[in-house]
Amino acid sequence: MRGMEFFVGIVALACIEVAAGALLQDTTGLVTLNYEASEDGITLELIRGEKTTLRGTIGKGRNLQDVSCIGSSLCKLSDNEILSITPIQHGFNVTWVKDDPTEVFEDCYELDSGSTNWFGGPQRWHQVWPLEKMTIDGSEPYVIKKSDNFGVAERYWLNSNGVYIWLTDVTPLWVDQNNNNPGQVCFRAEAKSPYINRERVLLAYVIASMDDPKVAHLNAINSVLGAPEAHPGDKMIEEPIWTTWAKYKKPINDETVLEFGRTIRSHGYEGGQLEIDDSWETCYGSQQFTEEKFANIQNTVNTLHEDGWRVSLWIHPFVNDDCEENSAIGKRLGYFVHNPQNETNAVWWNSDYGHQIDFTKPAAAQWWSDRVKSIQETIGMDSFKFDAGEVDYVNQPGVYADAESSPNALTHSYIETCVQFGDFIEVRSSFRGQTYGKFIRMLDKDSVWGLENGLASLITTLLQLNMNGYVMVLPDMIGGNGYQVQPTADLIVRWTQANTFMPAMQFSFLPWDYIDDVEYDIEGIVKKCADLHTEFAPLIINAMERSISEGYPVNPPIWWVDPTDTVALSIDDEYLLGEEVLVAPVIVEGAVSRDIYLPKGQWRDGNDGEVYEGPTYLRDYYAPIEVLPYFIKQ
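In this text, all values refer to a predicted model and were calculated from it rather than measured experimentally. (Residues numbered from 1 in each chain as written. Predicted model: local features only at pLDDT ≥ 70, side-chain atom pairs only at ≥ 80, totals over all residues. Heavy atoms only, no water.)

A. Region of interest: the sheet that holds strand 30 (residues 611-622). Read from one edge to the other, the open sheet built from five strands follows the order 27-28-31-29-30, with strand pairing classed as antiparallel. With one partner strand each, in any of the chains shown, strand 27 (575-577) and strand 30 form the two edges of the open sheet. For this sheet, the mean angle separating the axes of adjacent strands, direction not counted, is 20°. One ladder, built from three bridges, connects strand 29 (residues 593-605) with strand 31 (residues 630-633); its direction is antiparallel. In the sheet register, Arg604 faces strand 31, and the bridge partner there is Ile632. (Pairing = 2+ DSSP bridges. Helix = DSSP H or I, 4+ residues; strand = E, 2+ residues; numbered from the N terminus. Axes fitted to C-alpha atoms, helices over the stretch in contact; angles between N-to-C directions.)

What follows is the structure, given as structure tokens:
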């Protein structure tokens, strides 16, 4: 853990006399905790200055009126049950612990959604923003999982009052928000599947209160989340990525890949990264090219290199049973994730009969890595698209050596293994991986317009990731993946525009395939956006470098320039690049105008040069299909 002290393995912590209402101050004397014991837990009120910044109840459902405290060190609820609230800088550590894995602890906090906005939380299929709008079902464990696009779910809640709550990695966490208790977020510690083999139950977290959410978030980055230590390779930022997946799906071969590259070059795009996606293996998990489709893969890669391409390859962490040799090795050596019944079968999108590598075992991770390195070295692959990494492919629960870090330790170990493969890689899942500084790809988007995993969710997911400390964001393929429906020309254009000031642009559907569908110059509009992205790439890289040195988001919400602006705090369809560019793309089907909110400062229109003084609304800003509204701070 970084910075902020949090002792979860001992009980000698400062505590409170909870039998009656009382006050507790943080170590700076700036934050006060009012609390009072009751028959339904301890009610808390966090106050900074004269402002109440958070209200809640800890020990919900417990009669704590007669709790006894031992001296001034800790509160003893029973022989093996401890509650402690410890003052720290700007806040408090809260810890419940009991040496009994059948115990359950639950603390709930008011969202106060009428006056308070919240940020952070999990990546979702329906990515609403701000976070107080979201409903989270407390019957599901809060872990990194394939369902519901839960590929990044840090244990971090930040509110517009300048309060953040961060829960420790070892808490067996369940989160219920706006579900069983509407208007509240409840954090529950319960050691049931997938949190197994634990000897105690622990609910431990930080509550910190600062002057505003910007100051609070920067404190959280430095104290608990961590800032990136590097950024992706410059070329992956400056030049587009082109992937075979959305356009071709699985029917690809040497000629398909070469033709893909030739076509892109013929339309005026230079440089860039070309990605060979699914399916290229002899069987899933062999990590060997099938000669049936890629008999000349070495020549293919060499030709692409000669034409100025970096070449990337799709990689996954599974071995299917029809890969008999590797399946047998993994089973014999115990390299696969298994459950308490010693079953290793993993169900994933390419098989109901697979096995997931257990990256928490160094030998298993090395076995997988050696085969990836062999592809890199013998064929000359420049980078890899590392897919999956979530914890719930095996019939739950999975069994791991370190019970208290499970199951998210599997995701963390997988990403830790992936990041060794250079600066041009991408991953799609992560837990406590903010420091790695590699591209994290949004989960697959659908080729639709709204927040239901469509274009609108591109912006809200960008904000969610940035406000969890994942600032090196690779948006999903422009236009979506075409799973249910194919994207329209209008969707391709508006998606490209929305993506322009994000850290990278990733294409698969080709704009020139749509020229017969529309009267406007779709190819020219898309190329203009790609060129604009390249023009602003130095600013993107500068924002990344500031994230490394100061912890700033690369693409923050627009309130970042004025964290006291109550209007800006609620905006979910605009974003910033650093603090210099505000982007307000059109994301509604058929729309040719939109309302735009500019926070304080002077903003020069990137299209016509007019300067506006914020805060102000630009009502019905005219933005026909060829126009991307963006503004540069003066």
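Having seen it, we continue.
B. Structural view of the sheet that holds strand 24 (residues 439-441). Read across the open sheet, the eight strands follow the order 25-24-23-22-18-17-16-26; overall the sheet is parallel. What marks the edges here is a single partner per strand, and that holds for strand 25 (473-474) and strand 26 (506-507). Bridging between strand 23 (residues 426-427) and strand 24 involves two bridges; their strand directions are parallel. Looking across to strand 24, one finds that Glu426 is bridged to Phe439.

C. Looking closely at the UniProt feature "domain: Glycoside hydrolase family 31 TIM barrel" (unreviewed entry) in the chain. As recorded in UniProt, the sites labelled "domain: Glycoside hydrolase family 31 TIM barrel" (unreviewed entry) are residues 245-509. Counted over residues 245-509, helix gives 35% and strand 14%. Its end C-alpha atoms are 9 Å apart. (UniProt positions renumbered as here; feature names shortened; annotations may be inferred.)

D. Quick peek at the packing of aromatic side chains. Going through the model one piece at a time under the given rule, you end up with 40 aromatic pairs. Taken together, a centroid distance of 5.7 Å and an interplanar angle of 45° make the contact between Phe386 and Phe421 tilted. Of this pair, Phe386 sits in strand 22 (residues 383-386) while Phe421 sits in the loop between helix 9 (408-418) and strand 23; the two residues are 35 residues apart in sequence, bridging distant segments of the chain. Judged by its relative accessible area of 1%, Phe386 falls in the buried class. Owing to a relative accessible area of 3%, Phe421 belongs among the buried residues under this scheme. Taken together, Tyr284, Trp314, Phe318, Trp348, Trp349 and Tyr393 form an aromatic cluster joined through their ring pairs. Stacked on the ring of Trp245, the Lys or Arg Lys249 has its end atom at 5.6 Å from the ring centre. (Phe/Tyr/Trp six-rings, centres within 6.5 Å; stacked < 30°, edge-to-face > 60°. Buried < 20%, exposed > 50% of the residue type's maximum accessible area, 1.4 Å probe, protein only. Lys NZ or Arg CZ within 6 Å of the ring centre and 35° of its normal.)

E. Expanded view of the state of the cysteines. Inspection of every chain in the model, using the stated rule, returns two disulfides. With its sulfur 2.1 Å from that of its partner, Cys108 forms a disulfide with Cys186. Disulfide Cys108 to Cys186: torsion about the S-S bond roughly 115°, handedness right-handed. On the criterion of sequence distance, the pair formed by Cys108 in strand 9 (residues 104-110) and Cys186 in strand 14 (residues 184-190) is long-range, its members being 78 residues apart. The class of Cys108 is buried, set by a relative accessible area of 2%. Owing to a relative accessible area of 1%, Cys186 belongs among the buried residues under this scheme. (Disulfide = S-S within 2.5 Å.)

F. Molecular detail of the packing of helix 11 (residues 489-499) against helix 12 (residues 522-550). Two elements in contact, helix 11 and helix 12, have axes separated by 9 Å at closest approach and are oriented at 15°. By the angle class used here, helix 11 and helix 12 are roughly parallel. By crossing handedness, the relation of helix 11 to helix 12 is classed as left-handed. Only Ile522, Ile525, Val526 and Cys529 of helix 12 make contact with helix 11, whose side of the interface consists of Ala489, Ile492, Val493, Thr496 and Gln497. For the contact of helix 11 with helix 12, the per-class residue count stands at seven nonpolar, two polar and no charged. (Parallel < 35°, antiparallel > 145°, perpendicular 65-115°, else oblique. Left-handed = near helix turned anticlockwise from the far one by under 90°. Contact = heavy atoms within 4.5 Å. Nonpolar A, V, L, I, M, F, W, Y, C, P; charged D, E, K, R; others polar.)

G. Region of the structure containing the nonpolar core. Ranked by size, the top nonpolar core spans 207 residues in total, and within it Tyr164 and Phe386 carry the most contacts. With 11 residues, helix 12 is the single largest residue contributor to this core. (Core = buried A, V, L, I, M, F, W, Y, C linked by side-chain atoms within 4.5 Å.)

H. Representation of the domain arrangement of the chain in the model. Its domain assignment divides the chain into domain 1 (15-224), domain 2 (234-316 + 369-388 + 415-550) and domain 3 (558-633). Here the C-alpha centre of domain 2 lies 38 Å away from the C-alpha centre of domain 1. Between domain 1 and domain 2, the residue contacts involve 25 residues of the former and 27 residues of the latter. Of the roughly 2,200 Å² buried at the junction of domain 1 and domain 2 (both faces included), carbon and sulfur atoms supply 56%. (Domains from an automatic or database assignment. Buried area = accessible area lost by both parts, 1.4 Å probe.)

I. Summary view of the pairing of strand 30. As paired elements, strand 29 and strand 30 share nine bridges and run antiparallel to each other. Bridging across to strand 30, Arg604 finds its partner in Val611. Hairpin geometry of strand 29 and strand 30 is characterised by an intervening segment of five residues between the two adjacent antiparallel strands and by a positive phi of about 85° at Gly609.

J. How the structure looks around helix 11. Of all 11 residues making up helix 11, 10 are buried, and the element is well covered by its neighbours. Of the positions making up helix 11, those classed as buried are Ala489, Leu491, Ile492, Val493, Arg494, Trp495, Thr496, Gln497, Ala498 and Asn499. If you follow the buried residues of helix 11, they end up packed against helix 10 (455-466), strand 26, helix 12 and strand 27.

K. Looking closely at the pattern of salt bridges. Per the stated rule, a full pass over the model turns up 37 salt bridges. For Glu404, the salt bridge goes to Arg200, with nearest N and O atoms at 2.9 Å. In this pair, Glu404 is assigned in the loop between strand 22 and helix 9 and Arg200 in the loop between strand 14 and strand 15 (201-209), connecting sequence segments 204 residues apart. Overall, Arg200 belongs to the buried group, its relative accessible area being 15%. (Salt bridge = Lys/Arg side-chain N within 4 Å of Asp/Glu carboxyl O.)

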